[in-house]
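# Structural characterization, general
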Amino acid sequence: MSMTYKIIGASVGTLFIGTTFFSMRKRSRDVRTSKLLTAIQAQIQPISSGLTSQNAFDIHFLNKVLQTVNREVLVLKTSTASRYADQIHKAWGSWYQGGDDEEQVYGVFRKMKDKVQVSQVAKAYQETYSKNLIDSLKDRFDKEEITIVLNIVKALPNYRTA
């Protein structure tokens, strides 16, 4: 009878130790995975947050500038902003048509003189195509292409006055 208790005790002890070992191993693997995902997110985050944090892509940026600046702010005509929005939209192409025309999009952003104009184009894009320009850029462009757009926009002044 005591031999049976010894075997049962040894089996329970072995199961307990094995379960503890595998649980600790799984927890360690989860910690490493979490660290890896955090590192990957840190690499991706500057690009995503750069787009959303840019005042230029805020469709209400013009109104904010007009409220804070006491002088006359130079703005695009509505038709010009719509034309730029159309040029950006027409640059998106299907893979079987050769893909997107990144240079055309860069060219549109290079034509703009300040971030207020970028905001006006973003607003025109949203009104015309019912989609946010930021979302379209994120969907169509990879990290390097978004960085090029951000660098073009970052170099622009916030606004110009007459």
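To be clear, the structure that these remarks concern was listed above.
What you see is a predicted model, and the numbers here were worked out from it, not measured in a lab. Residue positions are given per chain, counted from 1 along the sequence in the order it is written. A pLDDT threshold of at least 70 governs which residues receive local features in this predicted model, and a stricter bar of 80 or more applies before side-chain atom pairs are shown or counted, although totals over entire chains, interfaces and linings include all residues. Values reported for side chains reflect all heavy atoms of the structure, with hydrogen atoms and water molecules removed beforehand.

### Section: helix 7 (residues 143-154)
For helix 7, with 12 residues, the first-to-last C-alpha span of 16 Å sits near the 16 Å given by 1.5 Å per residue. Burial classification: accessible surface area is computed with a 1.4 Å probe over protein chains only, and a residue below 20% of its type maximum counts as buried, one above 50% as exposed, and the rest as partly exposed. By definition, any uninterrupted DSSP run of H or I lasting at least four residues is a helix, any uninterrupted run of E lasting at least two residues is a strand, and each is numbered from the N terminus. Within helix 7, the full set of buried residues consists of E145, I146, V149, L150, I152 and V153. Viewed end-on, helix 7 has its buried residues packed into an arc of 160°, placing them on one side of the element. Helix span, as expected, comes to 1.5 Å for every residue beyond the first. Starting at the helix axis, one direction is taken to each C-beta atom, and the arc is that of these directions.

### What about the packing of helix 3 (residues 78-91) against helix 4 (residues 102-111)?
To get an axis, a line is fitted to the C-alpha atoms, and for a helix only the part in contact is used. The angle between two axes follows their N-to-C directions and goes from 0 to 180 degrees. Running from N to C, helix 3 and helix 4 cross one another at 165°; their axes reach a closest spacing of 8 Å. Taken together, the axes of helix 3 and helix 4 lie roughly antiparallel to each other. Helix 4 is crossed by helix 3, and the crossing has left-handed handedness. Residue-level inspection shows Y84, Q87, I88 and A91 of helix 3 in contact with helix 4, the latter providing Q104, V105, V108, F109 and K111. Any angle between 65 and 115 degrees counts as roughly perpendicular, while under 35 counts as roughly parallel, over 145 as roughly antiparallel, and the rest as oblique. The sense of a crossing depends on the near helix, which, turned anticlockwise from the far helix by less than a right angle, makes the crossing left-handed and, turned clockwise, makes it right-handed. The contact definition used throughout considers only heavy atoms, calling two residues in contact when any of these lie within 4.5 Å.

### Structural notes on the packing of aromatic side chains
Each Phe, Tyr or Trp ring (for Trp, its six-membered ring) is paired with any other whose centre lies within 6.5 Å, and the angle between the two planes then decides the class: stacked below 30 degrees, edge-to-face above 60, tilted in between. Summed over all chains, the structure comprises 5 aromatic pairs. Taking the centre distance of 5.4 Å and the plane angle of 65° together, the rings of F21 and F22 count as edge-to-face. Plain terms: the ring middles of W92 and F141 are 5.4 Å apart, the flat faces sit at 85° to each other, and that makes the pair edge-to-face. Placement of W92 in the loop between helix 3 and helix 4 and of F141 in the loop between helix 6 (133-140) and helix 7 is noted, with a sequence separation of 49 residues between them. Accessibility expressed as a relative area gives 12% for W92, which makes it buried. Three or more aromatic residues joined by ring pairs form one cluster here, namely W92, Y106 and F141.

### Some details on the environment of T128
Topologically, T128 is positioned in helix 5 (residues 115-129). Taking the C-alpha atoms as reference points, T128 and S82, 46 residues apart in sequence, are found 7.8 Å from one another. Counted as a polar contact is a pair of N or O atoms within 3.5 Å, where, for protein atoms, one must be capable of donating a hydrogen and the other of accepting one, and residues adjacent in sequence contribute only when both atoms are in side chains. There is a polar contact of 2.8 Å between the side chain of T128 and the backbone oxygen of A124.

### Looking at a positive patch on the surface
Patches draw on residues past 30% relative accessible area with no salt bridge. Two like charges within 9 Å are joined, as are two nonpolar side chains (Val, Leu, Ile, Met, Phe, Trp, Tyr) within 5 Å. For the accessible areas, the method is Shrake-Rupley and the probe is 1.4 Å, while residue cover comes only from the protein chains on display. For this analysis, a salt bridge means a side-chain nitrogen from Lys or Arg found within 4 Å of a carboxyl oxygen belonging to Asp or Glu. The charged-residue count follows a simple rule in which Lys and Arg add positive charge and Asp and Glu add negative charge, with His and chain termini not counted at all. Every charge is mapped to an atom, namely NZ of Lys, CZ of Arg, CG of Asp or CD of Glu. Together, R25, K26, R29 and R32 make up a region of like positive charge exposed at the surface. Looking at where R29 falls in the secondary structure, it is placed in helix 1 (residues 2-53).

### Regarding the side chain of Q87
Within the secondary structure, Q87 sits in helix 3. Within the structure, the side chain of Q87 is placed 3.4 Å from the side chain of K111, a separation counted as a polar contact.

### What about the pattern of salt bridges?
Pairs can form between side chains of opposite charge whenever their charged atoms are close. Enumeration according to the criterion identifies 4 salt bridges in this entry. For the salt bridge of D100 with R140, the shortest nitrogen-to-oxygen distance reads 3.1 Å. Note that D100 is positioned in the loop between helix 3 and helix 4 and R140 in helix 6, a separation of 40 residues in sequence. A relative accessible area of 15% means that D100 is categorised as buried. With its nearest N and O atoms 3.1 Å apart, the salt bridge here joins R160 to D114. Here R160 is found in the segment after helix 7, whereas its partner D114 is found in the loop between helix 4 and helix 5, with 46 residues between them in sequence. Judged by its relative accessible area of 28%, R160 falls in the partly exposed class.

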